[in-house]
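Architecture and fold: a report
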Amino acid sequence: MAKHITTGKKGEELAASYFKERGYEIMHKNWRHKHWEIDIIANRNNCLHIIEVKTRASTLFGHPEENISEKKIRYLMNAAEEFTYQYPEWKKLQFDVLSITQLQGKPVEYFLIEDVYL
């Protein structure tokens, strides 16, 4: 398996633990509809959190959160629209980004950006 795929999968595992430790209920991981995917869908205080996880093992090309484009946010918004169509009981929705940096020999760094919008 390619290194970036392994890094991404490990990052999503770390992210799920990160959110569970902070009182989030993980509802779905890698939720898919057609060609859309949401990394994590979680519930906290009756708010649905649509979470994009970005993980890097190096900062050579910048920090993980710097690689999230407007196009990606729109993609998440479309996926979330479909999810809330399928599960209309959710009235409160928030988009979050969790940036994870795993530099060799150093502790994992987390940077949560809450309530992202365009």
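Residues numbered from 1 in each chain as written. Predicted model: local features only at pLDDT ≥ 70, side-chain atom pairs only at ≥ 80, totals over all residues. Heavy atoms only, no water.

Moving on: the packing of aromatic side chains. Enumeration over the complete set of coordinates arrives at five aromatic pairs. On the basis of an interplanar angle of 90° and a centroid distance of 5.2 Å, the ring pair of Tyr18 and Phe19 is categorised as edge-to-face. Taken together through their ring pairs, the aromatic side chains of Tyr18, Phe19, Tyr24 and Tyr110 make up a single cluster. The residue whose ring lies beneath Arg22 is Tyr18, and the NZ or CZ to ring-centre distance is 3.7 Å. (Phe/Tyr/Trp six-rings, centres within 6.5 Å; stacked < 30°, edge-to-face > 60°. Lys NZ or Arg CZ within 6 Å of the ring centre and 35° of its normal.)

Here five strands make up an open sheet; going across it, the order is S1-S2-S3-S4-S5 and the pairing mixed. A strand with exactly one partner marks an edge of an open sheet, and here the two such strands are strand S1 (25-33) and strand S5 (109-113). Going across the sheet, the axis of each strand differs from the next one's by a mean of 30°, ignoring polarity. Running at roughly 60° to strand S2 (residues 36-44), helix H2 (residues 70-86) makes contact with S1, S2, strand S3 (47-56) and strand S4 (93-101) of the sheet. (Pairing = 2+ DSSP bridges. Helix = DSSP H or I, 4+ residues; strand = E, 2+ residues; numbered from the N terminus. Axes fitted to C-alpha atoms, helices over the stretch in contact; angles between N-to-C directions. Contact = heavy atoms within 4.5 Å.)

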